[in-house]
Structure formats: structure tokens, C-alpha cells
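Each chain, written out:
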Amino acid sequence: MAPTVLLVEDELAVREALRFHLEHAGFTVRATASALEAWDWLAGVDAVVLDWMLPDQPGLKWLKRLRESDFASIPVLMLTARASEVDRVEGLDSGADDYLTKPFSSPELVARVRALLRRSKPQQTTLKHGSLEVRAGDAQAFLDGVKLELTRREFDLLGFLAANVGRVFSRQELLDKVWGLDFDGTERTVDQHITQLRQRLNETLDQPKFLETVRGKGYRMRVQA
């Protein structure tokens, strides 16, 4: 069965062009200009292509609602004319899995959607490190049995480090492995997410229990005794 993509884009010409190329690539497409209508079309959707600026509701607001709903695991590619690093970080921190700046080519969008679907394919893997449990299958993590409230990117970073216990990764390596080779943000993005994860894990830079900074090299998940 062909994957179903929900396309939320208010510009008619752009929407129809993207629908054409996605369908030509083998996807089933549900297309709308309305954020509110899109909400009613989520059942059975495999990925969402979401415009930042929509007439009835900002794309970021819609995305935040999605991440708090029963459809939180659906991967989202955000489309926007905003090209600054601040805007990219805001979009990713709000729950976007990828970010495409206008103007872009239709083949690139199709490739990004395919990559989203590959990365979001469930893996039945549970990683345990002391009191920390990371469940790759449903993108959830628990500390002392209590579910951690993580953004999708925070979970991806935590899961990657948890799957490579003891190995040190530079900031650039983490950007490439977790954010993707086409992400053009800076290494500060990694530092910011590590800081956020430490807050979730109730640890500090000076007293790391799980996430350790290796001076001059990067970060690693500590081996639990």
C-alpha cells in the first residue's frame, strides 16, 4: 500500500504542483489549504508536509498540538520562507522532523519525504541504562519508570547516544547522524539539545549521570555501573 502524505499548503499553485510530484512518486496525497481541515484528515497518514504560514492557524501552533495528540509519532516536514537559524531551530524544537526553505525543487521535497518515512519506520528496540529506558518502537523514554516529555529531536538524540554507549561523538557527528547531512544549523544546536536533555534527566554538567561532556571531543552516553 502506498504511503499517505498529508499536504497542508495554502498557495494553490504550490499545493497542486507538490501534489502532482508526490503522486507521481507513488504517494497517496491528501491536500488542503486549511490547518483545521487537516486535523480531521490525520487518521491513516504516514507523513505530513506542513507550511509554516497558514490562513486559519500558524503551522507551528498546529504542529505543537499534533505533538501532544494521539498522532504525535507522525513525521512532519515543514515548509517555510524563513531561512534564519533561529527560525529553523524554532521549527525543529516545536516538533518538526525536517525543514525545507522556499524556494525548493519538487524532487528534493520527494526525497525528503522518503527519508522521513525511512527514519520513522518503527524499530522494536528497548535500551536500558540503569534507571533510564529508551523505547525506539514508540519513541518514548522513561526515567525511574516515569515517562519523559521529550520533543522528537530530543528523543532522537537521546536514542542515538543510548544506542552507542561509551562512544564519544563530536558535535558535527551528532548533527550529521541525528539531524541529517542536509541540516545546515550550527553546533550550538547540539549543545542546546544536550542542555535540555540534562534538565529532563535531572542531571547537571558537573554531575552527569547519563550524558557526559568529553572536553575537546564532544558527548557520550556514560556506561552504567
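Each residue is numbered by its place in its chain's sequence as written, counting from 1. Since the coordinates come from a predicted model, pLDDT governs what is reported: local features require at least 70, and pairs of side-chain atoms require 80 or more to be given and counted, while whole-chain, interface and lining totals use all residues. Computation of side-chain values: all heavy atoms of the structure, hydrogens and water removed.

A description of the sheet that holds strand β9 (residues 146-147) should follow, citing residues and the corresponding values.
Paired strands, as defined in this entry, are two strands with at least two bridges between them according to DSSP. Only DSSP runs of H or I with at least four residues qualify as helices, and only runs of E with at least two residues qualify as strands; both kinds are numbered from the N terminus onward. Overall, antiparallel pairing links the four strands, which are arranged β6-β7-β8-β9 in an open sheet. With partners counted over all chains shown, the strands left at the sheet margins are β6 (126-129) and β9, one partner each. Here strand β8 (residues 140-143) pairs with β9 via two bridges, running antiparallel. Bridging from a neighbouring strand, Phe-142 pairs with Lys-147 of β9. Whether two residues touch is decided by their heavy atoms; if any such pair falls within 4.5 Å, the residues are in contact. Interaxial angles span 0 to 180 degrees and are taken between N-to-C directions of axes, which are lines fitted to C-alpha atoms, for helices over the stretch in contact. The strands that helix α6 (residues 152-162) touches are β6, β7 (132-135) and β8; relative to β7, the one it contacts most, it runs at about 110 degrees.

Got a sec to walk through the pairing of β8? Specific residues and values, please.
Of the strand pairs in this sheet, β7 and β8 are connected by four bridges, and their pairing is antiparallel. Across the sheet, residue Arg-135 finds its bridge partner in β8, namely Gln-140. Linking β7 to β8, which pair antiparallel, is a turn of four residues; within it Ala-139 sits at a positive phi near 55 degrees. Linking β8 to β9, which pair antiparallel, is a turn of two residues; within it Asp-144 sits at a positive phi near 55 degrees.

A description of the nonpolar core should follow, citing residues and the corresponding values.
Nonpolar side chains in soluble globular proteins tend to be buried together. Side-chain atoms within 4.5 Å are what join buried Ala, Val, Leu, Ile, Met, Phe, Trp, Tyr and Cys residues into a set we call a nonpolar core. Exposure categories follow from relative accessible area, calculated using a 1.4 Å probe and restricted to protein chains: below 20% of the type maximum is buried, above 50% is exposed, and the middle band is partly exposed. Leu-132, Leu-157, Leu-158, Leu-161, Leu-174, Leu-211 and Met-221 are the most contacted members of the largest nonpolar core, which totals 25 residues. The set of elements that each furnish at least two residues to this core consists of β7, β8, α6, α7 (171-179), α8 (188-200) and β11 (218-221). Ignoring sequence-local partners within four residues, the contact set of Leu-211 consists of Leu-158, Leu-161, Ile-194, Leu-197, Arg-198, Leu-201, Glu-203, Arg-220 and Met-221. Among the nonpolar cores identified, the runner-up in size contains 20 residues, and Ala-38, Trp-39, Leu-63 and Leu-66 belong to it.

Help me get a handle on the side chain of Asp-98, residues and values and all.
Along the polypeptide, Asp-98 turns up in strand β5 (residues 98-101). Of the residues examined, Asp-98 reaches a relative accessible area of 8% and is grouped as buried. Between N or O atoms, a polar contact is any pair within 3.5 Å; within protein, one atom must be a potential hydrogen donor and the other a potential acceptor, and residues adjacent in sequence are included only when both atoms are from side chains. A distance of 3.0 Å separates polar atoms of two side chains, one belonging to Asp-98 and the other to Arg-112.

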